[in-house]
Amino acid sequence: MGTVLTVKNINVYYGAIHAIKGISFDVNRGEIVTLIGANGAGKSTTLHTVSGLLRSKTGDIEFLEESIAHTPAHKIVSKGISHVPEGRRIFQGMTVEENLQMGAFVTKQDRIEHNLEYVYEQFPRLKERTKQIAGTLSGGEQQMLAMGRALMSDPELLMLDEPSMGLAPILVDQIFEIIKNLNKAGTTILLVEQNAQMALSVADRAYVIETGKISLTGTGEELAKSDEVRKAYLGG
Amino acid sequence: MADRILKSINTRGLKNAVRGSEYKKEALISYGILIGGYILLQLGAMTGLIGRNLQGQFVPICVYVSLAISLNLVVGISGELSLGHAGFMAVGAFTGAVVVRVLENGIGFAPLRLLIALLISAAMAALAGLIIGLPILGLRGDYLAIVTLAFGEIIKNFMNVIYFALDENGHLKFAFNHEIEGISNAGRVLTGPIGATGVTKIATFTYAAILTAFTLFVVLNIKNSKQGRAIMAIRDNRIAGESIGLNVKKYKLMAFVVSASLAGMAGCMFGQNFSTLAPAKFNFNTSVLILVFVVLGGIGNIWGGMIAAALLTILPEALRQFSDYRMLAYSIVLIGVMIATYNPTIKSRISAFWNKVNPFKNKDKDKGKKPKKTGKEAA
Ligand SMILES: Nc1ncnc2c1ncn2[C@@H]1O[C@H](COP(=O)(O)OP(=O)(O)OP(=O)(O)O)[C@@H](O)[C@H]1O
Ligand SMILES: [Mg+2]
């Protein structure tokens, strides 16, 4: 199988605030791994650290057996990590097509066409709206666009930060269906979610983060059954 | 329909996919305004319809149009507020003044002297832009506005204590904060608060118009390049830009430094149009004036800024005869320009008219496009 991502004992600070207190985890090729936890636990901070936007004071981050702890953020994407940040960060003024094209900014020219077709295959809703201004898309479509754009760079590892946030249940189901499909098609996925139930149902393995530390870990199934997780995140 | 769209995407690469037709439209209008304006003013001068006073404004008009274009690269395209464009202009103006004087004995051919001065001015202004931009442009927030404002003031005050002169052997002498001894008036190049003196005025309307065209060419090409789209993407959403692997600092710096060097060239041309030029000319008001051109023309709208710059430079001169009503007319024009460049109805009219006469019209493409236009511009 092989490990795609190894995070070893990272400590991240926002000024004096100690947000991540020694987190370690790994993601194997072909897996869906999820990080769940309450608001402010440090999930987004962890993803930002992997994608180079924040730096850890200790430890190391390895991607495909190479340390990326000091790699500048703009080089992370071309190494094969795509980060879909929290809150649907799309280019509002551009069309759907232009957003996707931008996602291929660091991609080899001869792969763009293929990737675009793949994205449209995974997200038929986007294919119907190639010329629509992205800012006028519905919330769910914007989330799909952000995910599609991230796929344009041929990522080995796709990091999704709360893709289901603010979506109606039926759309949440759709998004998770797509996540499963992407994974089946060969993309390794690191998923951050508030919606623990959904996340655990698709995840191979999961880590629970509490105030900057990992408190529990196991397979998705194990954690879904665990009393602690049920009490804290699944409503009893 | 859908597969036709897909096909059209597939046949175009990343490079030209984004708004190719809009780029052509913008380029055509901008170059049209420049060439049309040039011909109009030349004709006016030849037929005597345009008086001496206004003819004296021809070079400044080109310079301010050029400054409006280059500032738009930072304010409109990169989305950063710069309040020190006059500072870069000053760097270019005084660099140019020294270079032209030094070359006067060696190079007799004035246009070549001007060209060399322009290039060195551009390099100096770019260097200034790099020094300012490097520590600032990686940060989030409006630090650039504060720092460029300070830069403009610093350059102005710095030039107040800079003395350059040519001695009788033609050697360049420099002094800081005091006059250079034993120099005839004719030998003075830069004299502190008096500024550049003894300039031979080698700038002409045609050279200035060529510089404006060059500025336009550079800015429009950047805007339509892959780098330009990265710059605009970061402006639209910085976090999304970072997430797709854009080097935010690099692209912001690129826009800022190019803009600074173009302003330096404009300043150099400006300086070669007056026999004397004091540092006080490049004060905060001048920076704000250039910003006003950009804002009035519609931020990011290149040709809007060009029109605003030209009108607002011509106007005070042209309105001289109406002395009492001058400021009234000036403000009416301000409002008029603003309405014409911002108002979505007028914009869509212009756009509809354009679609009728557009020589590049591609029937397939335009059909689905028209109604979306106004919403996008507002965003
Ligand atoms: N830019 C910042 N400056 C200071 N503190 C921050 C900043 N961003 C996050 N924090 C703090 O770091 C901690 C972790 O935040 P983070 O955004 O990683 O949480 P999260 O698990 O993603 O939460 P949520 O589920 O609400 O998105 C929080 O206490 C938060 O207040
Ligand atoms: Mg978060």
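Definitions and cut-offs
- Residues numbered from 1 in each chain as written.
- Chains lettered and ligands numbered in written order.
- Predicted model: local features only at pLDDT ≥ 70, side-chain atom pairs only at ≥ 80, totals over all residues.
- Heavy atoms only, no water.
- Helix = DSSP H or I, 4+ residues; strand = E, 2+ residues; numbered from the N terminus.
- Rg over C-alpha atoms; globule rule 2.2 N^0.38 Å.
- Buried < 20%, exposed > 50% of the residue type's maximum accessible area, 1.4 Å probe, protein only.
- Contact = heavy atoms within 4.5 Å.
- Areas by Shrake-Rupley, 256 points an atom, 1.4 Å probe, with all protein chains shown as cover.
- Lys, Arg positive; Asp, Glu negative; His and termini not counted.
- Charge placed at Lys NZ, Arg CZ, Asp CG, Glu CD.
- Pairing = 2+ DSSP bridges.
- Axes fitted to C-alpha atoms, helices over the stretch in contact; angles between N-to-C directions.
- Near = heavy atom within 4 Å.
- Polar contact = N/O pair within 3.5 Å; in protein donor to acceptor, adjacent residues only side chain to side chain.
- Nonpolar A, V, L, I, M, F, W, Y, C, P; charged D, E, K, R; others polar.
- Donors = N, O, S within 2.8 Å, 3.2 Å for Na, K, Ca; no water.
- pLDDT = per-residue confidence, 0-100.
- Salt bridge = Lys/Arg side-chain N within 4 Å of Asp/Glu carboxyl O.

Novice: Looking at this structure, I do not really get the overall build of chain A. What am I missing?
Specialist: Check the secondary structure of chain A and you find 10 helices and 10 strands. A compact globule built from 236 residues should have a C-alpha radius of gyration of about 18 Å, and chain A, at 17 Å, falls within 12% of that. Within chain A, the proportion of its 236 residues that are buried is 55%. In chain A, the proportion of contacts linking residues at least 24 apart, taken out of those at least 6 apart, comes to 66%. Taken as a whole, chain A presents about 9,600 Å² of accessible surface, with 49% of it coming from carbon and sulfur. When the 24 positive and 28 negative side-chain charges of chain A are each reduced to one mean point, those points stand 4 Å apart.

Novice: I keep staring at the sheet that holds strand 2 (residues 172-176) of chain B and nothing clicks. Help me out?
Specialist: Within a sheet, adjacent strands bond to each other through the backbone by hydrogen bonds, running parallel or antiparallel. Residues and elements named next belong to chain B. What the 4 strands build is an open sheet, ordered 2-1-3-4; its pairing is antiparallel. The strands lining the two open edges of the sheet, one partner per strand, are strand 2 and strand 4 (195-196). In the sheet, strand 3 (residues 188-191) pairs with strand 4 via 2 bridges, with the strands oriented antiparallel. In the strand pairing of strand 4, Leu190 is matched with Ala196. In this fold helix 6 (residues 85-103) packs onto strand 1 (162-166), strand 2, strand 3 and strand 4, with an angle of close to 165 degrees to the strand it touches most, strand 3.

Novice: How should the site of ligand 1 be read in this particular structure?
Specialist: Residues and elements named next belong to chain A. The local shell around ligand 1 holds 14 residues, among which Asn39, Lys43, Ser44, Thr45 and Gln194 are the closest. Residue Ala41 places a main-chain N or O atom 3.2 Å away from an oxygen atom belonging to ligand 1. Here Thr45 contributes a side-chain N or O atom positioned 2.4 Å from an oxygen atom of ligand 1. For ligand 1, whose unbound accessible area comes to 630 Å², protein coverage reaches 62%. Contributing elements (two or more residues each) for the shell around ligand 1: strand 2 (17-28) and helix 1 (43-50). No other element matches helix 1, which puts 3 residues into the shell around ligand 1. Class assignment of the residues belonging to the shell around ligand 1 gives a composition of 5 nonpolar, 6 polar and 3 charged.

Novice: Would you mind going over the coordination of the magnesium ion (ligand 2) with me for this structure?
Specialist: When four donors bind a metal tetrahedrally, each ideal donor-metal-donor angle is 109.5 degrees, and when six bind octahedrally, the ideal angles are 90 or 180 degrees. Residues and elements named next belong to chain A. Every protein donor of the magnesium ion (ligand 2) is listed here as Ser44 (OG) and Glu86 (OE), and their distances to the metal cover 1.9 to 2.5 Å. With a gap of 42 residues between them, Ser44 in helix 1 and Glu86 in the loop between strand 6 (81-84) and helix 3 (96-103) connect regions that are remote in the sequence. In this structure Glu86 comes out as partly exposed when scored by relative accessible area, which is 29%.

Novice: Looking at this structure, I do not really get the sheet that holds strand 1 (residues 3-14) of chain A. What am I missing?
Specialist: Residues and elements named next belong to chain A. Taken in spatial order, the 4 strands of this open sheet run 2-1-4-5, and their pairing is antiparallel. Bordering the open sheet on either side are strand 2 and strand 5 (66-67), each of which pairs with just one other strand. In terms of strand pairing, strand 1 meets strand 4 (residues 60-63) through 4 bridges, oriented antiparallel. In the strand pairing of strand 4, Lys8 is matched with Asp60. Relative to the sheet, helix 1 contacts strand 1, strand 2 and strand 4, its axis offset from that of strand 1 by approximately 115 degrees.

Novice: Could you clarify how one ought to interpret the pairing of strand 2 of chain A in this entry?
Specialist: As paired strands, strand 1 of chain A and strand 2 of chain A are joined by 9 bridges and run antiparallel to one another. When the bridges of strand 2 of chain A are listed, Asn11(A) appears paired with Lys21(A).

Novice: Could you clarify how one ought to interpret the confidence of the model for chain B in this entry?
Specialist: In regions of low pLDDT, the predicted coordinates are not meant to be interpreted in detail. When pLDDT is averaged along chain B, the result is 86; 86% of the residues meet or exceed 70. The model gives residues 1-18 of chain B a pLDDT under 50, and that stretch makes 31 contacts with residues more than four places away or in other chains.

Novice: I would appreciate a short explanation of the pattern of salt bridges in the present structure.
Specialist: Opposite charge on two side chains permits pairing when their charged atoms draw close. In total, this model carries 19 salt bridges over all chains according to the counting rule given. With a shortest N-O distance of 3.2 Å, Glu141(A) and Arg129(A) are connected by a salt bridge. Of this pair, Glu141(A) sits in helix 6 (residues 139-151) while Arg129(A) sits in the loop between helix 5 (124-127) and helix 6, and the two are 12 residues apart along the sequence. Overall, Glu141(A) belongs to the buried group, its relative accessible area being 6%. A relative accessible area of 21% means that Arg129(A) is categorised as partly exposed. Where Lys156(B) meets Glu153(B), a salt bridge forms, and the shortest distance between an N and an O atom there is 3.1 Å.

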